[in-house]
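Structural characterization, general
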Amino acid sequence: MIKKTGSIIHINTKATSLVLNVSKTGHLVCEYYGPLIPFGEDYGYLVTKTAFPHGTEIVYDEKIPSISLEGLSMEFATSGKGDFREPSLILQSETSQVFDFMYESDEIMDDYPVLDALPLPHHVDEVLKITLVDQVQKLKAELFYGVFIDADTISRHVVLHNDSDHDLIIDKIMSLQLDMPNRDFDLINLYGAWAAENNINRRKVTNGIHINDSKTGNSSNRHNPFFMLVSEQAGLNNGVTYAFNLLYSGNHYEMIELTSYDRVRIQLGINPFLFHYRLQINGKFETPIAIMSTSTLGQNGVSQNMHHFVNHHIVKGPWANKDRPILLNNWEATYLKFNEAKLTSLISAAKDAGIELFVLDDGWFSNRNDDTKGLGDYDVNEKKLPRGLSYLADKANAKGMKFGLWFEPEMVNVNSQLYEDHPDWAIKTEGREPSLGRHQLVLDLSKFEVQAYLIEQIGSVLDSAHIEYVKWDMNRHITDFSSSSYHSGELYHRYIIGLYRVLKVLTGKYDYVLWEGCASGGNRFDLGMLCFFQQMWTSDNTDAYSRYFIQAGISLGYPLSVIGAHVSATPSHQMLRNTPLETRFHVAAFGNLGYELDLRKLDDVDFKAIREQVAYYKAHRALLQYGRFYQLTYPDCPQAIAWMVKNEASTEAIIGRFNKLQSLLVGSDVLPGFGFDETLTYHVSAHRYDHRLKMFGGLINHVAPIQVNENGPLVSFIDKHKTMEQIMKSTNEETYIVPGSALNHGGVRLRAQWAGTGYNKDVRVLGDFGSELFYIEQVKTSG
Ligand code: DGJ
């Protein structure tokens, strides 16, 4: 809701407020952004007090001698008039570098005006447009604020109009700027690399400038555009927190500046790095949308706002808020070495396990038997697949499963027909040999003919068979940037605009398709992509222990419904680490579950376990994909971490508890919980699963009637067919009836963990990376 009182414009969502004002000097300023405050008539308590400029500050206007722009919380700061902090706009103008935007008007609208090329969130409640004008430079900046009441989120973007009589060069233009008093903030951002994405970095916001950015051409695995500010007192579930993100998939830039007067300035937008954009006379430039949210409920509170925002205002189309199918992807099962028979037998095994979607990954086209060739030529490799894609799709469909396909449309191998026909379509610089990444070049998506080619190529493959899922991959960064049509400083941005255009056409036409974004895993996991793709492949690292951290990081800003998470073989192909099959499932269950291993190679025990996992996930899918997600511990908690999903009514939840290394120093474990209804009673049951006989090594001789060699053929044979529980005729079921208050306050004491003591039904045998899921449901009272 937006309300105007004099010069004050007050925006309220369910639990947050943004209060803007026009200063005496005529500049737009932010008086407050934080937890909800009521609309009022008198805002004297909030308005920034200025009695004098400090020492060397510049007085903006001698007629108002108390005001220096440095002391105001500017909403759109420029340089040249006394604000010496980071400006929102840097323009090269032939006439002057001094810019000064003054409030001109405001307007409340029902929806955003459509942007030419960039994606917008949907179902906005109201949009506030504030027009600022620089009369001297003849420039107009329209600031748009989108209000999402239910998600406690506000968006901001800027449209800059050049009404002057000459072209201008934009070197920097930010989507959002927020100035506010410091609350002893810590900055939390995500850093990483290939297969090691989304590490949480928490550090104090100290004086000076902190930058989180990407310079790779995509939003990157280096730094995700999402970040948080948490006040010093904030914890997981309490205290004031702020979250920010950008709907953009290219080079992004987030800056947090702390001044000597303990004020923070936050900026988000396109990275000014190598950005050099000509704004022609009468032209306009639209920035991507930035979003911000705040909560008094700690990290989880503001994360949940982000999750709600993504589920309800970013992801769109028929798959929005719909159950995501459990998939089997053949990548780690076969890599590029497959044929029709191998794939059809994988489809049969997947069906047997209860899996709902079969995804054929890289290698199905052209002469793509290794990654040095074929990218760009999407004609089916008939040696591998003599009866084409439709044969496989029909096979899957006949078994009641969907069929999905991998593409890497933005790339080309030099060794391909496409490159031979159109060498000029790849991004290259005159006079230099282009550098390769994964043996490939990037197609110049800023070119209209490249866009048209991709739309036609991908479209014709999608028309050729019943394909209901697409994995859209992108496996290298952009280098050798140049263009003969415009300054190379425009290329990165024009590339993203071109990509969005292709995606808009394809995802619009094939809207029944479930689109999963991928970029060597999480190299382009951002809100821009999620405006087109309903889910994202989070990381090529499928090792369960690595995923504790990768998923904990990404879930700070993105909901479980978009986080692709697969169970793969052990030892992990990325880490060579062994983790229990159940843990691989338990981690992947906090996301969109998939399998990525050769199911045909599993023995009876593991195959049966997977069948049970699939059934468990299906039974609780809505909760696991769309429930309210809580991190119950910080990921660096030494012994074990815990996550929870809970429904809105707090009548149902699942808690996952994940061991790090087995320790004999643990006391009695208590089940952590939060936010349960203290007037209710709950039934708590651990997800029961059996243990492999071989897990116990030579100890089996303590229970076996005869002495056996634990590495010998007899034990191996039994291990493949019977679990410890089956042999011992025991069950490790653990159930409790628990008051809601006990769940909230750590009142459920779990059975003791294995401590070198011996196996029996009262011992929880977890070991290194062992884990368990607890299903919690309100006890229904009769009558
Ligand atoms: C990188 C992706 O992240 C993988 O999942 C797989 O699709 C390969 N590309 C295929 O080349």
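Bear in mind that the values here come from a model prediction, so they are computed numbers and not experimental data. (Residues numbered from 1 in each chain as written. Predicted model: local features only at pLDDT ≥ 70, side-chain atom pairs only at ≥ 80, totals over all residues. Heavy atoms only, no water.)

Running from N to C, helix α10 (residues 581–588) and helix α11 (residues 604–619) cross one another at 20°; their axes reach a closest spacing of 11 Å. Between α10 and α11, the interaxial angle falls into the category roughly parallel. As α10 packs across α11, the resulting crossing turns out to be right-handed. Each of Leu 581, Glu 582 and Phe 585 in α10 lies in contact with α11, whose residues at this interface are Asp 606, Ala 609, Ile 610, Gln 613, Tyr 616 and Tyr 617. Broken down by class, the residue content of the contact of α10 with α11 amounts to 6 nonpolar, 1 polar and 2 charged. (Axes fitted to C-alpha atoms, helices over the stretch in contact; angles between N-to-C directions. Helix = DSSP H or I, 4+ residues; strand = E, 2+ residues; numbered from the N terminus. Parallel < 35°, antiparallel > 145°, perpendicular 65-115°, else oblique. Left-handed = near helix turned anticlockwise from the far one by under 90°. Contact = heavy atoms within 4.5 Å. Nonpolar A, V, L, I, M, F, W, Y, C, P; charged D, E, K, R; others polar.)

Let's shift gears to unusual backbone geometry. Omega for the bond connecting Thr 570 with Pro 571 falls within 30 degrees of zero, at 0°, which places this linkage in the cis form. Looking at where Pro 571 falls in the secondary structure, it is placed in the loop between β29 (563–568) and α10. For His 123, which is not glycine, the phi torsion reads 55° and is therefore positive. Inspection of the secondary structure puts His 123 in the loop between β6 (102–109) and β7 (126–134).

This part is about the site of the ligand. The immediate surroundings of the ligand are formed by 13 residues, with Asp 361, Asp 362, Lys 471, Asp 473 and Asp 540 found nearest. At a separation of 2.6 Å, an oxygen atom of the ligand approaches a polar side-chain atom of Asp 361. In the environment of the ligand, a nitrogen atom lies 2.7 Å from a nitrogen or oxygen atom belonging to the side chain of Asp 473. Considering the ligand on its own, with 290 Å² of exposed area, one finds that the protein chains cover 98% of that surface. (Near = heavy atom within 4 Å. Polar contact = N/O pair within 3.5 Å; in protein donor to acceptor, adjacent residues only side chain to side chain. Areas by Shrake-Rupley, 256 points an atom, 1.4 Å probe, with all protein chains shown as cover.)

Below, the discussion takes up the pattern of salt bridges. Scanning the entire structure with this criterion turns up 46 salt bridges. The partner of Asp 116 in a salt bridge is Lys 284, and the shortest N-O contact between them spans 3.9 Å. A residue pair is termed long-range when its members are at least 10 positions apart, and Asp 116 in the loop between β6 and β7 and Lys 284 in strand β19 (residues 284–286) qualify at 168 residues. Judged by its relative accessible area of 61%, Asp 116 falls in the exposed class. With relative accessibility at 40%, the residue Lys 284 sits in the partly exposed group. We note a salt bridge from Asp 186 to Arg 202, for which the minimum N-O separation is 2.8 Å. Taken as a pair, Asp 186 in strand β11 (residues 186–191) and Arg 202 in strand β12 (residues 199–204) lie far apart in primary sequence, 16 residues in all. With relative accessibility at 13%, the residue Asp 186 sits in the buried group. Each of Asp 83, Arg 85, Asp 179 and Arg 265 takes part in salt bridges that share partners, so that together they form one network. (Salt bridge = Lys/Arg side-chain N within 4 Å of Asp/Glu carboxyl O. Buried < 20%, exposed > 50% of the residue type's maximum accessible area, 1.4 Å probe, protein only.)

Any empty space left between the atoms is revealed when a probe the size of a water molecule rolls over them. Tallied over the entire structure, the rule returns 6 cavities of 30 Å³ or more. Estimates place the volume of the largest cavity at around 150 Å³. Taken together, 16 residues line the largest cavity, and the ones lying closest to its centre are Tyr 689, His 691, Asn 732, Arg 764 and Glu 772. Taken together, the elements giving at least two residues each to the lining of the largest cavity come down to β37 (763–764) and β38 (771–778). Here the residues of the lining of the largest cavity sort into 5 nonpolar, 4 polar and 7 charged. In this model, the second largest cavity occupies a volume close to 50 Å³. (1 Å grid on protein atoms, 1.4 Å probe; cavity = no way out; pocket = protein on both sides within 12 Å on 5 of 7 lines; lining within 4 Å. Points joined across faces, edges and corners; volume = space filled by probe spheres on them.)

Quick look at the layout of surface pockets now. In this structure, the largest pocket spans a volume of roughly 1,000 Å³. Lining the largest pocket are 40 residues; nearest its centre among them are Thr 570, Leu 581, Arg 584, Asp 606 and Arg 692. Within the residue set of the lining of the largest pocket, elements represented by two or more residues are α2 (331–334), α10, α11 and α13 (713–721). Counting residues per element, the lining of the largest pocket draws most heavily on α11, at 7 residues.

Scanning the model with the defined rule gives 40 aromatic pairs in all. Geometrically, the ring pair formed by Tyr 545 and Phe 769 is tilted, given 4.9 Å between the ring centres and 50° between the ring planes. Of this pair, Tyr 545 sits in helix α9 (residues 544–554) while Phe 769 sits in the loop between β37 and β38, and the two are 224 residues apart along the sequence. Taken individually, Tyr 545 and Phe 769 each receive the classification buried, so the pair is uniform in this respect. When the ring of Tyr 548 is compared with that of Phe 658, the centres are 5.4 Å apart and the planes differ by 50°; the resulting orientation is tilted. Of this pair, Tyr 548 sits in helix α9 while Phe 658 sits in strand β33 (residues 652–659), placing them 110 residues apart in sequence. Taking the relative accessible area as the measure of exposure, Phe 658 reaches 0% and is therefore buried. Through a chain of ring-to-ring contacts, three or more aromatic side chains come together here, namely Tyr 545, Tyr 548, Phe 549, Phe 590, Phe 629, Trp 643, Phe 658 and Phe 769. Positioned above the aromatic ring of Tyr 391 is the side chain of Arg 387, whose terminal nitrogen or guanidinium carbon lies 4.0 Å from the ring centre. Its guanidinium or amino end placed over the ring of Phe 676, Lys 646 lies 5.7 Å from that ring's centre, counting from NZ or CZ. (Phe/Tyr/Trp six-rings, centres within 6.5 Å; stacked < 30°, edge-to-face > 60°. Lys NZ or Arg CZ within 6 Å of the ring centre and 35° of its normal.)

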